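Coordinates in review
Residue strings, one per chain:
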Amino acid sequence: MGASRVRDLFKKAKENAPCLIFIDEIDAVGRQRGAGIGGGNDEREQTLNQLLTEMDGFEGNTGIIIIAATNRPDVLDTALLRPGRFDRQVIVDAPDRKGRLEILTVHARNKKIDPSVSLEVVARRTPGFTGADLANLLNEAAILTARRRKEAITQLEIDDAIDRLTIGLTLNPLLDSKKKRLIAYHEVGHALLSTLLENADPLNKVTIIPRSGGVGGFSQQILNEEMIDSGLYTKAWLYDNITMTLGGKAAEVEVFGESEVTGGASNDLKVVTNLARKMVTMYGMSDLGLVALENQSSDVFLGRDWMNRSEYSEEMATKIDRQVRTMAVACYREARRIINENRALVDRLVDLLVEQETIEGEQFRKIVAEYTQLPAKQQLVVSSSTQS
Ligand code: ZN
């Protein structure tokens, strides 16, 4: 019935002109025709054709403006984007800190929030959150507050809700076991590197309280909000982040040997590959020099990924893979060196982590400073990113 409904919609719009038509999730009908993996979808194509016809049918100025929203502009049928149809695109990015603060203020209006809570601090801690994420965050915090039989949402519930949304539900701690120690070494590896590397972001906390989704623990950094909001990463920061991300595996291997290494580092390796690939193919930060081989959005939008892959030759692809590998190997070596040189410190931190289950950044830095000099940058701010 899609096509006839489109006809009705435009008929109604014309009767009510001047008027606005808003179509949400336009990709549901506006997807590239004939590109579906499971073959075409007749009804959807008819709906889209009708929509295109109606949009063409406008004589100069019928007083109807059509606005549509989508998260997948890349998969839209090109006919939709021709002049006279959707000829302007407005990109609505994830909000910046000021935007997040305003969104939080709106969603906080109908909730009881303790006066000690600073939405400014919450906004600072949530870079990358969309409007929907922020609404969800305050709802989660409200649920936690009710469950804890509190009168109003405090900073604690908001912090727990952030962890829950970004990492997962808290599960019961493991009993002391080899597995627990292995996880502790892995996480201390990340945490120590984020404390000792000159350009890594400082540690917020490290914990081995497991989370749903198979997360045994995590090491959380204080987010570099400016860099994330602007998307302008420095080479030094990227390098140190790759090294820090490899710190988990490096610590496991240094302590337990290659044969005992768990699969727990597989996600870390994905992160590393992703960062290193970006440095090579997008930012021109490798020996391959100043070439942008991939579009900014290619890895976000699966639909276009296939095409971009073939924009460079097999030979170039091999060179890229080799560069990515070289970078990762150099960073891994550095990670192992740092763990190895600080082995006594690593053991002490692991003992403490197994006993306490969580170490806050400040306590962590204090202990590290007893053994070795901290880089200048390790001062405290709020906000966090996570490495499991
Ligand atoms: Zn890890």
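These notes cover the structure that comes with them. Quick caveat: nothing in here was measured; it's all calculated off a predicted structure.

In this section: the pattern of salt bridges. Considering all chains together, one arrives at 20 salt bridges under this definition. In this structure, K150 engages E157 in a salt bridge whose closest nitrogen and oxygen atoms are separated by 2.7 Å. When its relative accessible area of 0% is taken as the criterion, E157 is described as buried. Taking the shortest distance from any N to any O, the salt bridge between E254 and R336 comes out at 2.8 Å. You can see E254 sitting in helix α10 (residues 235-256) and its partner R336 sitting in helix α13 (residues 314-341), a full 82 residues away along the chain. Judged by relative accessible area, R336 falls into the partly exposed class, the value being 25%. Put simply, R148, K150, E157 and D160 are held in one network by salt bridges that share partners.

Attention shifts here to the side chain of R85. When you line up the elements, R85 lands in the loop between β2 (64-68) and α4 (97-108). Polar side-chain contacts of R85 include one of 2.9 Å to the backbone oxygen of A79. If near-sequence neighbours (up to four positions away) are discounted, R85 is found in contact with L52, M55, D56, A79 and L80.

Once that is clear, we can look at a nonpolar patch on the surface. Together, L20, F22, I65 and I67 line one region of the surface with nonpolar side chains, adding up to about 420 Å² of accessible area. The set of elements that each furnish at least two residues to the nonpolar patch consists of β1 (19-23) and β2. Checked against the element boundaries, L20 lands in strand β1. Using a relative accessible area of 59% as the deciding quantity, one classes L20 as exposed.

Let us look at the nonpolar core. In this structure, L192, I242, L349 and F364 are the most contacted members of the largest nonpolar core, which totals 49 residues. Elements with a contribution of two residues or more to this core: α8 (178-196), β3 (203-207), α10, α11 (266-281), α13, α14 (343-356) and α15 (361-371). The leading source of residues in this core is α13, at nine residues. Those residues in contact with L192 that sit more than four places away from it in its chain are N342, L345, V346, L349, F364 and V368. Of all hydrophobic cores here, the second largest spans 17 residues; its members include V6, L48, A79 and L80.

Cut-offs used in this document
- Residues numbered from 1 in each chain as written.
- Predicted model: local features only at pLDDT ≥ 70, side-chain atom pairs only at ≥ 80, totals over all residues.
- Heavy atoms only, no water.
- Salt bridge = Lys/Arg side-chain N within 4 Å of Asp/Glu carboxyl O.
- Buried < 20%, exposed > 50% of the residue type's maximum accessible area, 1.4 Å probe, protein only.
- Helix = DSSP H or I, 4+ residues; strand = E, 2+ residues; numbered from the N terminus.
- Polar contact = N/O pair within 3.5 Å; in protein donor to acceptor, adjacent residues only side chain to side chain.
- Contact = heavy atoms within 4.5 Å.
- Patch = residues over 30% accessible without salt bridge, like charges linked within 9 Å, V, L, I, M, F, W, Y side chains within 5 Å.
- Areas by Shrake-Rupley, 256 points an atom, 1.4 Å probe, with all protein chains shown as cover.
- Core = buried A, V, L, I, M, F, W, Y, C linked by side-chain atoms within 4.5 Å.

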